Amino acid sequence: MPNAFLAISENYQFLRIKPKEGGLGTSTVLARDMDLHGYLNRTTFQTLKLSSTPTCSSSRFLSPSLHKTHKFPFPRLTTKALSTSSAAVQTSPTTTTISDDQGGKHQWKATIDFKWIKDNKETVAVNIKNRNSDANLEFILHLYDKLFILQKEVERVRGERNAVANKMKGKLEPSERQTLIEQGKNLKEGLTALEEDLAKLNDELQREAQCIPNMTHPDVPIGGEDSSTIRKTVGSSPKFSFPVKDHLQLGKELDLFDFDAAAEVSGSKFYYLKNEAVLLEMALLNWTLSEVMKRGFTPLTTPEIVRSSVVEKCGFQPRAKNTQVYSIDDSDQCLIGTAEIPVGGLHMDSILAESMLPLKYVAFSHCFRTEAGAAGTATRGLYRVHQFSKIEMFIFCRPEESDYYHEELIKIEEDMFSSLGLHFKTLDMASEDLGAPAYRKFDVEAWMPGLERFGEISSASNCTDYQSRRLGIRYRPSEVLVPGPKKSKGNLAPPQFVHTLNATACAVPRMIICLLENYQQEDGSVLIPEPLRPFMGGLDIITRKS
């Protein structure tokens with residue numbers, strides 16, 4: 001998520017930033033009333049305020065398949081941490097009072113149907129293998145069985161304690177009463193120890209189960225990145241009658257970047273944009289916002305520091321060995337690597353009215369990534385950097401609609417890249433290339449002449465309810481289950497988890513690479529694509545400085 005420092009307050013106190021463990025996070029959702037230039041009618045989001053949600057040791061959880069041929073593995077959210085009458089162990093995303101074994105921090109919990117996992121063990125195991133996940137399914141099921149047995153023992157001892165308490169309500173001989181008092185004391189002490197063991201075991205089960213990735217769309221190619229299939233190819237690579245320059249050479253000759261000064265100030269993989277490159281960044285951002293807003297998306301700017309627990313709930317790993325996330329020392333906060341994280345948390349722990357769906361946002365933010373392990377000529381220049389500007393699209397919708405909106409997101413991306421005259425291909429990414437939250441992901445790779453290869457410029461993911469089950473985002477279906485004169489809690493359909501989708505509308509550095517390299521001219525100048533010119537103050541070409 002890499003500024004070398006953050007200036008906090010007017011006294012210029014600095015916080016050291018490095019990948020580290022996160023901590024406890026709290027979250028509160030308030031009713032919202034929005035009116036944004038006609039893009040949304042004036043409406044109030046119906047929300048349910050829950051308590052704080054603590055962090056956990058892993059970022060991944062199991063979520064159901066969206067496809068109509070797959071049964072959803074999770075029931076609707078329950079408000080009980082442990083059911084005392086059902087074999088299915090379910091947890092809600094509310095705060096637990098139990099500390100984990102890693103520093104005594106609370107562990108937040110996701111709604112996971114372990115009974116479904118056990119009943120569909122083979123399906124889950126194949127999915128874990130296809131996605132090259134390190135989740136230990138056998139150990140998870142062992143912990144689940146152990147937890148179920150222990151829970152039954154807790155219930156048995158609790159029943160004995162209650163029976164002793166009831167006996168003491170009657171008339172008893174002093175000796176008999178004393179015997180019952182001793183029995184009650186022993187049962188209470190034993191129950192306390194059992195409940196502590198149960199809570200620790202439940203935390204361990206949660207940590208392990210959260211390593212299980214989302215289920216996978218049945219049409220996703222199985223294998224590594226090379227197994228990804230081409231969905232669509234648009235345009236053709238430009239033909240040049242002169243030696244092609246890469247964006248680094250063009251930027252140096254046109255005085256558009258300064259990597260050397262940025263390296264002195266901040267470190268490697270930072271940069272200054274200069275002159276027309278600054279205008280080009282602003283043009284890309286404003287043009288992208290205007291294009292996406294025309295399609296009914298509400299614009300946002302987001303916080304760029306978020307709680308570690310929110311990062312984890314969205315499916316990222318702030319504490320992994322090769323994490324891409326920058327964490328802030330001595331705090332529970334991280335720098336965002338994408339606006340997907342704060343937008344995903346916007347309705348955290350909420351119940352939305354069905355009439356509000358879909359909620360469609362387009363968010364601008366700066367993004368920060370460690371880019372651990374990134375090196376070589378393929379990542380030089382602006383291609384892979386620690387800090388950059390990006391516009392992200394994000395949708396909350398009903399489960400049955402997420403396939404449709406996934407197609408809408410990729411079409412928006414393709415339409416915008418086509419209007420800029422780029423040569424690109426859209427890929428249906430293979431199973432091993434999917435992040436833990438993604439049910440299916442489409443990537444767009446554009447031709448970069450100076451680099452002599454296609455480079456990824458965007459992706460669009462359908463995360464089904466993987467994130468919403470962790471973030472606690474549900475909606476209340478509008479239909480009434482039992483006809484009656486009045487709507488009440490008894491006859492309303494229970495709340496269901498929304499599906500979430502995200503897509504890159506514009507990642508500025510890589511778009512600058514594409515534009516400079518594809519629109520370079522023989523005299524060293526660079527043309528500005530027609531759609532961007534109104535946002536460049538009418539400038540139509542970048543030329544050498546005299």
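Quick notes on the rules
Residues numbered from 1 in each chain as written. Predicted model: local features only at pLDDT ≥ 70, side-chain atom pairs only at ≥ 80, totals over all residues. Heavy atoms only, no water. Pairing = 2+ DSSP bridges. Helix = DSSP H or I, 4+ residues; strand = E, 2+ residues; numbered from the N terminus. Axes fitted to C-alpha atoms, helices over the stretch in contact; angles between N-to-C directions. Parallel < 35°, antiparallel > 145°, perpendicular 65-115°, else oblique. Left-handed = near helix turned anticlockwise from the far one by under 90°. Nonpolar A, V, L, I, M, F, W, Y, C, P; charged D, E, K, R; others polar. Buried < 20%, exposed > 50% of the residue type's maximum accessible area, 1.4 Å probe, protein only. Arc of directions from axis to C-beta. Contact = heavy atoms within 4.5 Å. Core = buried A, V, L, I, M, F, W, Y, C linked by side-chain atoms within 4.5 Å. Salt bridge = Lys/Arg side-chain N within 4 Å of Asp/Glu carboxyl O. pLDDT = per-residue confidence, 0-100.

Re the sheet that holds strand E17 (residues 473–476)
The strands that make up a sheet are held in pairs by hydrogen bonds between backbone atoms, and each pair lies either parallel or antiparallel.
Inference 1: Here we have 3 strands laid out as an open sheet, ordered E11-E17-E18, and mixed in their pairing. Sheet topology places strand E11 (350–353) and strand E18 (496–497) at the edges, where each strand pairs with a single neighbour.

Quick word on the packing of helix H3 (residues 137–167) against helix H4 (residues 174–209)
Inference 1: Between H3 and H4, the least distance of the axes is 9 Å, while the angle of their chain directions is 160 degrees. Put simply, H3 runs roughly antiparallel to H4. For the element pair H3 and H4, the recorded crossing hand is left-handed.
Inference 2: Each residue belonging to the contact of H3 with H4 can be placed in one class, and the counts come to 17 nonpolar, 4 polar and 10 charged.

Looking at helix H2 (residues 121–130)
Inference 1: All of the buried residues along H2 are Val-124, Asn-127 and Ile-128. End-on view of H2: buried residues confined to an arc of 100 degrees, all on one side of the axis. Exposed side chains of H2 directed beyond 90 degrees from the buried face belong to Glu-122 and Lys-129.
Inference 2: Elements in contact with the buried residues of H2: helix H1 (114–119) and H3.
Inference 3: Immediately beyond the C-terminal end of H2, within one or two residues, lies Asn-132, with a positive phi of roughly 55 degrees.

With respect to the nonpolar core
Inference 1: Counting residues in hydrophobic clusters, the biggest one holds 61 residues, and the most contacted among them are Met-393, Leu-422, Ile-457 and Ile-512.
Inference 2: At the level of secondary structure, the elements contributing two or more residues to this core comprise helix H7 (276–293), strand E12 (359–368), strand E13 (387–397), helix H10 (402–419), strand E15 (440–448), strand E16 (453–462), strand E19 (499–507) and helix H12 (508–518).
Inference 3: By residue number, the principal contributor to this core is H7, which donates 9 residues.
Inference 4: Look past the residues within four positions of Ile-512 in its chain and what remains in contact with it is Phe-257, Leu-273, Ala-277, Leu-280, Leu-284 and Leu-382.
Inference 5: One finds Ile-117, Val-154, Leu-180 and Leu-194 within the second-largest nonpolar core, a separate group that totals 29 residues.

As for the pattern of salt bridges
Inference 1: Considering all chains together, one arrives at 31 salt bridges under this definition.
Inference 2: Two residues, Arg-156 and Glu-153, come together in a salt bridge whose shortest N-O distance is 2.6 Å. Placement of both Arg-156 and Glu-153 in helix H3 is noted, with a separation of 3 residues, approximately one turn of the helix.
Inference 3: Ionic pairing is found between Lys-360 and Glu-408, a salt bridge with its closest N-O pair at 2.8 Å. Of this pair, Lys-360 sits in strand E12 while Glu-408 sits in helix H10; the two residues are 48 residues apart in sequence, bridging distant segments of the chain. The two residues Lys-360 and Glu-408 agree in class, both being buried.

A short note on the confidence of the model for the chain
Inference 1: Averaged over every residue, the pLDDT of the chain is 81; the share at 70 or more is 76%.
Inference 2: The model gives residues 1–104 a pLDDT under 50, and that stretch makes 342 contacts with residues more than four places away or in other chains.

A short note on unusual backbone geometry
Inference 1: In this chain, Leu-357 is followed by Pro-358 through a cis amide linkage whose omega measures 0 degrees.
Inference 2: One can find Pro-358 in the loop between E11 and E12.
Inference 3: Notably, Lys-269 is not glycine yet its phi reads approximately 65 degrees, a positive angle.
Inference 4: Here Lys-269 shows up in the loop between helix H6 (259–265) and strand E7 (272–273).
Inference 5: With a relative accessible area of 22%, Lys-269 lands in the partly exposed category.
Inference 6: A positive phi is found at Asn-275, a non-glycine position, where the angle reads about 50 degrees.
Inference 7: For Asn-275, a relative accessible area of 37% puts it in the partly exposed group.

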